[in-house]
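Breakdown of the fold
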Amino acid sequence: QVQLVESGGGLVQAGGSLRLSCAASGRTFSSYGMGWFRQAPGKEREFVAAISAIGDRTYYGESVKGRFTISRDNAKNTVYLQMNSLRPEDTAVYYCAAREGDGLLTVPRLYTYWGQGTQVTVSS
């Protein structure tokens, strides 16, 4: 069982930056591939970024490539999402997710554990 708790969301102006954190419980964090997703009102959950279990590989959604960076610190059981050059269309609830294994997965249903989400609002 893994519990995930996101933090770091908030209100920021367009062009600004935020860093989201996702703290995980459990002693086997380093065996879980991690992902970030987001969901805006009335829209489907969208893949943002994924990172392998040991952090040697990453993958990004097209809309955030070059602006967002996913990273992890397995000693702290935490995964991060650094978001730069934010745009109003980045406004959404951001979720982190975990699944056992090392794949870089973009489909929400393939993840086993989810956090409660953190709101990111980008004003124009």
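Residues numbered from 1 in each chain as written. Predicted model: local features only at pLDDT ≥ 70, side-chain atom pairs only at ≥ 80, totals over all residues. Heavy atoms only, no water.

**Notes on the packing of aromatic side chains**
With the rule as written, the count across this model stands at 7 aromatic pairs. Each ring, one from phenylalanine 37 and one from tyrosine 111, has its centre 5.3 Å from the other, and the planes form 80°; the classification is edge-to-face. Taken as a pair, phenylalanine 37 in strand 4 (residues 32-39) and tyrosine 111 in the loop between strand 9 (92-100) and strand 10 (113-114) lie far apart in primary sequence, 74 residues in all. Relative accessible area serves as the criterion here: at 0%, phenylalanine 37 is assigned to the buried category. Look at tyrosine 111 and you get buried, because its relative accessible area is 5%. Note on phenylalanine 37 and tryptophan 114: the rings are 5.1 Å apart at their centroids and 50° apart in plane angle, and the pair reads as tilted. Pair noted here: phenylalanine 37 is in strand 4 and tryptophan 114 is in strand 10, with a separation of 77 residues, a long-range link. Taken together, the aromatic side chains of Phe37, Phe47, Tyr59, Tyr95, Tyr111 and Trp114 make up a single cluster linked through ring pairs. Above the plane of the ring of tryptophan 114 lies arginine 45, whose end atom (NZ or CZ) is 4.8 Å from the centre. In this arrangement the basic side chain of arginine 72 is found over the ring face of phenylalanine 29, its NZ or CZ atom lying 4.4 Å from the centre. (Phe/Tyr/Trp six-rings, centres within 6.5 Å; stacked < 30°, edge-to-face > 60°. Helix = DSSP H or I, 4+ residues; strand = E, 2+ residues; numbered from the N terminus. Buried < 20%, exposed > 50% of the residue type's maximum accessible area, 1.4 Å probe, protein only. Lys NZ or Arg CZ within 6 Å of the ring centre and 35° of its normal.)

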